[in-house]
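Summary of structural features
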Protein chains: 2
Amino acid sequence: MVSKPRTAWFRPKDFDMFFTSVSATTVSSMSTIEMEVFSHTQLIIMTILMFVGGEVFTSFLGLQFARSKFLKNCPSSDQNSVTLVNLNHSVPKCTNPVNQIELDLEKEKPETNTLDENGNKCLGFDSLKYSSIKFLGYVVLGYLFVVHLIGSTLVSLYISLFPSARKVLKDKGLETLTFSVFTTVSSFTNCGFVPTNENMIVFKKNSGLLLLLIPQILMGNTLYPPCLLFLIWVLKKTTKREEFRYILMNYGDMGYGHLLSGPHALLLAMTVFGFILIQFLLLCSMEWSSQVMDGLNSYQKIIGSLFQTVNSRHTGESVFDLSTISSAILVLFVVMMYLPPCTTFIPPKLHEKVSDNGKQSRKKTFMECLIFSQLSYLVIFIILICITERQKMKEDPLNFNVLNVTVEVISAYGNVGFTTGYSCKRQLKPDSLCIDTWYGFVGRWSTMGKSILIIVMFFGRLKKFSMKGGQAWNLS
Amino acid sequence: MVSKPRTAWFRPKDFDMFFTSVSATTVSSMSTIEMEVFSHTQLIIMTILMFVGGEVFTSFLGLQFARSKFLKNCPSSDQNSVTLVNLNHSVPKCTNPVNQIELDLEKEKPETNTLDENGNKCLGFDSLKYSSIKFLGYVVLGYLFVVHLIGSTLVSLYISLFPSARKVLKDKGLETLTFSVFTTVSSFTNCGFVPTNENMIVFKKNSGLLLLLIPQILMGNTLYPPCLLFLIWVLKKTTKREEFRYILMNYGDMGYGHLLSGPHALLLAMTVFGFILIQFLLLCSMEWSSQVMDGLNSYQKIIGSLFQTVNSRHTGESVFDLSTISSAILVLFVVMMYLPPCTTFIPPKLHEKVSDNGKQSRKKTFMECLIFSQLSYLVIFIILICITERQKMKEDPLNFNVLNVTVEVISAYGNVGFTTGYSCKRQLKPDSLCIDTWYGFVGRWSTMGKSILIIVMFFGRLKKFSMKGGQAWNLS
Ligand SMILES: [K+]
Ligand SMILES: [K+]
């Protein structure tokens, strides 16, 4: 990132350059400088950084590393699989509940069982496993290549077909190819940088472009495990190769965290779409006729909202100005941002199927369930109050801001009673009838908001924390 | 709460009356109306509501309920203790780690063991246990009575001795006795209501009064278990009665959640003082010469800060105006408010002593530990950034507010890239040199703040969520 910036009049500080490199490598897309100051060389360097830092590529490297280790030492099959899993440090452990669901499938794999029992000879058994891991690597690499190729081509095609998009790039002095590749890599790796200052806001009327990017965003992160599984399944059906069958049967032994069981992948996909739906409904209902979506027709509003909600899980590209968006949506986005890509809703029914050591873990997981619920209830309450007080939050932002609401809610939940209060001085449009009083901030809320706080106070008083909070901290 | 308010010119809405009743009963002290509108009758009703809703009294009722049930059915001793624990719904389960620490003590109680083995006859064994529970009830009741009596007397005495305090009450038309009893009950139950509009701010220079209330606040909630244990220990030493010995030996069987083992009570007390120390240091270092503590001398500042930090765990009485306090302290208060009174730091060493089923739970608790750590790290980062940007947060509150910082931090942690941005329009004191740009909010931060965000991005990228998030939700 020491190349010369494109716009000569502004030379970013070295620290900001470093910040941007880190941001690209960690696929964060937090920015401290405008994007249009970067030269073409710098954009290409950033493309490479994003590609290398992306989840799919790093997990591919992890897989290759595991394969090379696998080749070196050849212990018994059982230990081997453990080694593989442990080696694979760069892969997030999406596989926690896999072992449990796996138990259901275990009965249905006689072939591998025979191999397990008869193939104790190091060479005989390992060769299939080794070639399966090799094939898995090829599949991941092919997936990476195909998605990037098709994605870049489609984006390029869109820009050359639609004059409005072409004009934007021309005005900003961006080449179509650079923009297409950069945007595709950024979307697929879920980095979220776009070489325009305005991020995607400048393209908010180009619904076609947004529709092209949405699948790339999903395929590169939250929906990657289901897509990968589907691809392997298709390859198994078409090529009928033993390796693909082996991969699907022994997904847990591959040492690849993104390889899930069928049911788990399905639940993951459902979770992803569920989250998108919730955010989409809230965003549309809150902002449909607000200034955020000003100047858009209904179709553009829908696609824009969809794009924005798909981005909130990880990517972070924006078509709307978040500073003008309702606080309620902002808080929901905060929650969504907090959730890792692997977040999956697994109904208790599926957990119950697990027969062995299910009894020991049942109670613990119920406790953990409560921990999560406590926090999520609080967030829900904060969001609800942001909704009931949204008018005042817009007109009187210094008094009605989310922090004050949060303080009030947590205060009520902990039955504390702290309040930030309300000050007439802080009003942006001074109201001559406003009189400073000494009661809490909640006194200025609507009856609806106060009712919610009553529920919060009861909720807080009656909760009787029955959960345990970690090894060292006992919250109960 | 249908009595006539004291100030005739203002009649609170019925809903606000209902809100205040709920607030008093749940010992929350959230308020929607000023306190001075209440008549003496209403203040007395509120005193009763607070007393009845307080933790010590409700737990005493739970104990009496358990005792009456105990008298009715007389099963074998083991089942009995289970019944007792289960019956006691109104007592928060402070007892989770007790069972583990208990194991250490088990070896040291030959007397009770003999009773357990030889006392299988229903009557012989139960009579001691029953009378122990009865004695425990007396101790709790005595504790309640003595603390309230001494507390009220001391507060009354203070007011009659110090003209400045007497003048405040006279100006507000409050009787000394009503004020003393109301404030003592409110402090001991940790409700936090004070019959003055300004809460304790009006007494911020009466350090003596604050010093009288601090022990009442601690003894009624966070330090109640250690105090109770100490009282029983003193009674055992002085009266040498078998019942107190039995209570101390079989604290887990008493069915009283606030009865802890010695080590646990000690750790609880250390946690309480640790939290107070942390808050006290932060509050003093951030606000020592700010307008919050304006007009106070050093002694008053120290006592005021101590009072404020003691209140943040549950009580919620204030000597400082929270709306002018630094956001960093506010966020720390949010965390403190969230933590239940029983929160105890138990070093892993003590957990490791547990021999049976320690292995199964080891891994789970480590996972849970991680959950807690993730959240707490994030809060720490937010607080740090509030500290580095505190100057701007004061001057430019619409851009630099905690929500925006939180969005930025969570965004960096989740490697998302959403930002609320920065708008020159939102500046309260317009800066003619300010130019709107398209880069993120973080671009306006100091180098220190940006460095912290870099750490957050790395932390987010490298975390590899290894924890499990509850039964139904898998975050990993
Ligand atoms: K309180
Ligand atoms: K991102």
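Residues numbered from 1 in each chain as written. Chains lettered and ligands numbered in written order. Predicted model: local features only at pLDDT ≥ 70, side-chain atom pairs only at ≥ 80, totals over all residues. Heavy atoms only, no water.

**Examining the packing of helix H13 (residues 262–287) of chain B against helix H15 (residues 327–338) of chain B**
All names here are of chain B. It is at 10 Å that the axes of H13 and H15 come closest, and there the two elements cross at 165°. With respect to their mutual orientation, H13 and H15 come out roughly antiparallel. Read as a crossing pair, H13 and H15 show a hand that is left-handed. Where H13 approaches H15, its residues Phe275, Ile278, Gln279, Leu282, Leu283, Met286 and Glu287 are matched on the opposing element by Ala328, Ile329, Leu332, Phe333 and Met336. Tallied by class, the residues present in the contact of H13 with H15 amount to 10 nonpolar, 1 polar and 1 charged. (Axes fitted to C-alpha atoms, helices over the stretch in contact; angles between N-to-C directions. Helix = DSSP H or I, 4+ residues; strand = E, 2+ residues; numbered from the N terminus. Parallel < 35°, antiparallel > 145°, perpendicular 65-115°, else oblique. Left-handed = near helix turned anticlockwise from the far one by under 90°. Contact = heavy atoms within 4.5 Å. Nonpolar A, V, L, I, M, F, W, Y, C, P; charged D, E, K, R; others polar.)

**Observations regarding the UniProt feature "transmembrane region" (unreviewed entry) in chain A**
All names here are of chain A. What UniProt calls "transmembrane region" (unreviewed entry) maps, in this numbering, to residues 43–63, 135–159, 209–235, 264–284, 319–339, 365–386 and 438–459. Its end C-alpha atoms 30 Å apart, residues 209–235 is made of 85% helix and 0% strand. For residues 438–459, the end-to-end C-alpha separation is 26 Å, with 59% helix and 0% strand making up the annotated structure. (UniProt positions renumbered as here; feature names shortened; annotations may be inferred.)

**Examining the side chain of B:Gln216**
Looking at the secondary structure, you find B:Gln216 in helix H10 (residues 207–219). Excluding anything up to four places from it in sequence, B:Gln216 contacts B:Gly151, B:Val155, B:Thr184, B:Ser187 and B:Phe188.

**Structural notes on the state of the cysteines**
All names here are of chain A. One pass over the structure, following the stated rule, counts 2 disulfides over all chains. Between the sulfur atoms of Cys424 and its disulfide partner Cys434 the distance amounts to 1.7 Å. Sign of the S-S torsion, about -75° for the bond between Cys424 and Cys434, identifies this disulfide as left-handed. Note that Cys424 is positioned in the loop between helix H19 (402–413) and helix H20 (447–462) and Cys434 in the loop between H19 and H20, a separation of 10 residues in sequence. (Disulfide = S-S within 2.5 Å.)

**A closer look at a nonpolar patch on the surface**
Residue and element names in this part refer to chain A. A cluster of nonpolar side chains, contributed by Phe145, Val146, Leu149, Ile150, Leu154, Leu157, Leu161 and Phe162, occupies part of the molecular surface with about 780 Å² of accessible area. By the secondary structure assignment, Leu149 is in helix H7 (residues 122–161). On the accessibility criterion, Leu149 (47% relative accessible area) is partly exposed. (Patch = residues over 30% accessible without salt bridge, like charges linked within 9 Å, V, L, I, M, F, W, Y side chains within 5 Å. Areas by Shrake-Rupley, 256 points an atom, 1.4 Å probe, with all protein chains shown as cover. Salt bridge = Lys/Arg side-chain N within 4 Å of Asp/Glu carboxyl O. Buried < 20%, exposed > 50% of the residue type's maximum accessible area, 1.4 Å probe, protein only.)

**A short note on the side chain of A:His258**
Looking at the secondary structure, you find A:His258 in the loop between helix H12 (242–249) and helix H13 (262–287). Separated by 3.1 Å, the side chains of A:His258 and A:Glu55 make a polar contact. (Polar contact = N/O pair within 3.5 Å; in protein donor to acceptor, adjacent residues only side chain to side chain.)

**Focus on the pattern of salt bridges**
Within this structure, the stated rule accounts for 10 salt bridges over all chains. Here A:Lys167 makes a salt bridge to A:Asp171, at a shortest N to O gap of 3.0 Å. Here A:Asp171 and A:Lys167 lie together in helix H8 (residues 163–171), a separation of 4 residues that amounts to about one turn. Just as A:Lys167 is exposed, A:Asp171 falls in that class too. In this structure, B:Lys172 engages B:Glu36 in a salt bridge whose closest nitrogen and oxygen atoms are separated by 2.6 Å. Here B:Lys172, found in helix H8 (residues 163–172), pairs with B:Glu36, found in the loop between helix H1 (14–25) and helix H2 (40–53); they are 136 residues apart in sequence, far enough to count as distant. Across this residue pair, the class does not change: B:Lys172 and B:Glu36 are buried. It is possible to trace a salt-bridge network through shared partners that takes in A:Glu36, A:Lys172 and A:Glu198.

**Description of the environment of A:Val405**
Relative to the helices and strands, A:Val405 resides in helix H19. Discounting residues that sit within four places of it in the chain, A:Val405 has contacts with A:Ile382, A:Ile385, A:Met393, A:Phe441 and A:Trp445.

**Some words on the nonpolar core**
Of all hydrophobic cores here, the largest spans 184 residues; its most connected members are A:Met200, A:Val409, A:Leu453, B:Met200, B:Val409 and B:Leu453. For A:Met200, the residues in contact, after removing those within four places along its chain, are A:Val194, A:Leu209, A:Leu210, A:Leu213, A:Phe307, A:Glu317, A:Ser318 and A:Val319. Membership of the second largest hydrophobic core comes to 29 residues, among which are A:Leu144, A:Leu248, A:Met254 and A:Leu259. (Core = buried A, V, L, I, M, F, W, Y, C linked by side-chain atoms within 4.5 Å.)

**Focus: unusual backbone geometry**
For A:Asn199, which is not glycine, the phi dihedral falls at a positive 55°. For A:Asn199, the location among the structural elements is in the loop between helix H9 (176–188) and helix H10 (207–219). With relative accessibility at 18%, the residue A:Asn199 sits in the buried group. Located in the positive-phi region is B:Lys240, a residue other than glycine, with phi close to 55°. In this fold, B:Lys240 is placed in the loop between helix H11 (224–239) and helix H12 (242–249).

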